[in-house]
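Chain by chain, the residues:
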Amino acid sequence: MPFTESIHMVNRKVQTLDEFTIQQMRDFPHATGELASLLRDIGLASKRVNVEVNKAGLVDILGDAGTVNVQGEDVKKLDIYANNQLMGVLKHGISCAGIGSEELDDFIAFDDPVSNNSKYVCLFDPLDGSGNIDVNVSIGTIFSIFRRVTPLGTPVTKEDFLQPGINQVAAGYVVYGSSTMLVYGTRRGVNGFTLDQAIGEFTLSNPNITCPDHGRIYSVNHGFFYQYDERVQQYITACQKKDATNGGPYTQRYIGSMVADLHRNLIKGGIFMYPGTKDKPNGKLRLLYECNPFAFIIEVAGGKATNGVERILDIQPTHLHQRSPLFAGSRGMMEELETFLNK
Ligand code: P6P
């Protein structure tokens, strides 16, 4: 068989993340390959984190690192490891000019000639849900990618990071769960890649993920029920009744790890709520590296994401670690919630 024919026999069914991002680049003649390279760098760092997550408890990597992060939370050693892995691959790559991280008080401009000529910046929560590490509950990495707004050739500044979420070029997460999956979205769609341990590659397993218009799962921390706005309480109560739209009562699922909760609701349909409370009106979740990435992915997949008043992606950030309430998920469920919030 001539070579040209045999090449078409190559099994193209199992596409790795690298092959997929390169294919996406081939489809875009003007693409420089920088975004593809940046996504591959994040995939590499995530594979290294995955190794440590999978053996956490077997080595002395558990427990507090003895430091407290900018959030005032005890930092687990795995948080630091994940942060350093992401920082390392991005700093030594060719596509990222600087980073912001939940684990770093301020943004970092890599400020070397190659990085200063890179057109992207990346914000991330290196290991979200780290309080669950010691009890073996799914945790995750969340990332958000923007095109810098300051001139190429100069060090990035805070303005490059304080952009509304609608400007994101790509966003994604890695869920270290029963399997390890990397899910990322661009304006062209959301795609999921499952880590194949045999070859050490993320392989395309969930192409073109869309969020079902309606679902029967609602995710919220019921412990704060009486601290939520009365209209949020009324919606939650409606979810518990037989006459709930789409056939109630709904199922309540809340893992306490947003990557796991939002991944499940994205695939199966559902709504995730982290509302503000009377003493914490902006809630707990961070806008830049928790709410924005998921809002971007959920919207590209057909869902909605707001802070209860406005679209998450329209919020103009004022500082790196600002918090925001988050309501995100199936379009039909979000519109139902809005009928309560708009009362
Ligand atoms: P609560 C994990 O610490 C996290 O940041 C999110 O992953 C999760 O959704 C939320 O906090 C859980 O917070 O207050 O319900 O325990």
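Residues numbered from 1 in each chain as written. Predicted model: local features only at pLDDT ≥ 70, side-chain atom pairs only at ≥ 80, totals over all residues. Heavy atoms only, no water.

**Student:** Where do I start with the site of the ligand in this structure?
**Tutor:** Around the ligand, a shell composed of 13 residues is seen, among which Asp 128, Asn 221, Tyr 254, Met 258 and Tyr 274 lie nearest. Within the side chain of Tyr 254, an N or O atom sits 2.5 Å from an oxygen atom of the ligand. Protein coverage of the free-state accessible area of the ligand, which is 400 Å², stands at 80%. Here the shell around the ligand is built from residues that sort into six nonpolar, four polar and three charged. (Near = heavy atom within 4 Å. Polar contact = N/O pair within 3.5 Å; in protein donor to acceptor, adjacent residues only side chain to side chain. Areas by Shrake-Rupley, 256 points an atom, 1.4 Å probe, with all protein chains shown as cover. Nonpolar A, V, L, I, M, F, W, Y, C, P; charged D, E, K, R; others polar.)

**Student:** Looking at this structure, I do not really get the packing of aromatic side chains. What am I missing?
**Tutor:** Each aromatic ring pair is specified by the distance between its two centres and by the angle formed by the two planes. In this structure the tally under the stated criterion is eight aromatic pairs. Aromatic pair Phe 107 and Phe 161: ring centres 5.0 Å apart, planes at 35°, arrangement tilted. Linking Phe 107 in the loop between strand S3 (96-101) and strand S4 (108-109) with Phe 161 in the loop between strand S6 (139-147) and strand S7 (168-176), this pair joins segments that are 54 residues apart in sequence. For the pair formed by Phe 107 and Phe 161, the shared burial category is buried. Feature note: the residues Phe 20, Tyr 184 and Phe 193 constitute an aromatic cluster, connected by ring pairs. (Phe/Tyr/Trp six-rings, centres within 6.5 Å; stacked < 30°, edge-to-face > 60°. Helix = DSSP H or I, 4+ residues; strand = E, 2+ residues; numbered from the N terminus. Buried < 20%, exposed > 50% of the residue type's maximum accessible area, 1.4 Å probe, protein only.)

**Student:** In this structure, what is going on with the pattern of salt bridges? I would like to understand it.
**Tutor:** Opposite charge on two side chains permits pairing when their charged atoms draw close. One pass over the full model with this rule turns up nine salt bridges. The salt bridge partner of Lys 158 is Asp 106, with a shortest N-O separation of 3.2 Å. Taken together, the residues span a long stretch of sequence, with Lys 158 in the loop between S6 and S7 and Asp 106 in the loop between S3 and S4 at a distance of 52 residues. A salt bridge links Arg 311 to Asp 314; the shortest N-O distance between them is 3.1 Å. Given the relative accessible area of 30%, Arg 311 is considered partly exposed. Each of Glu 299, Arg 311 and Asp 314 takes part in one network of salt bridges that share partners. (Salt bridge = Lys/Arg side-chain N within 4 Å of Asp/Glu carboxyl O.)

**Student:** Teacher, can you tell me more about the environment of Ser 330 here?
**Tutor:** Among the secondary structure elements, Ser 330 is positioned in the loop between strand S15 (326-329) and helix H9 (331-341). Here Ser 330 is in contact with Cys 211, Pro 212, Asp 213, His 214, Gly 215, Gly 269 and Gly 270, once residues within four sequence places are set aside. (Contact = heavy atoms within 4.5 Å.)

**Student:** When you look at the domain arrangement of the chain in this model, what are you seeing that I'm missing?
**Tutor:** According to the domain assignment, the chain contains domain 1 (3-206) and domain 2 (217-341). One C-alpha centre belongs to domain 1, the other to domain 2, and the line joining them spans 24 Å. Domain 1 puts 44 residues into the contact, and the matching count from domain 2 is 31 residues. Contact between domain 1 and domain 2 buries roughly 2700 Å² in total, counting both sides, with carbon and sulfur atoms accounting for 66%. When the buried surface of domain 1 facing domain 2 is broken down by residue, Ile 142, Leu 162 and Tyr 173 rank first, second and third, together holding 22% of it. Linking domain 1 to domain 2 there are zero salt bridges. Taken together, domain 1 and domain 2 are joined by nine residue pairs in polar contact (both at pLDDT 80 or more). (Domains from an automatic or database assignment. Buried area = accessible area lost by both parts, 1.4 Å probe.)

**Student:** What am I meant to see in the pairing of strand S8 (residues 180-186) here?
**Tutor:** Successive residues of a regular strand alternate their side chains across the two faces of the sheet. Counting buried residues along S8, seven of its seven residues qualify, which places the element largely inside the surrounding structure. On S8, burial covers both faces: Thr 180, Leu 182, Tyr 184 and Thr 186 on one face and Met 181, Val 183 and Gly 185 on the other are all buried. Here six bridges tie S7 to S8, and the two strands are oriented antiparallel to one another. Residue pairing across strands places Tyr 173 opposite Val 183, the latter belonging to S8. (Pairing = 2+ DSSP bridges.)

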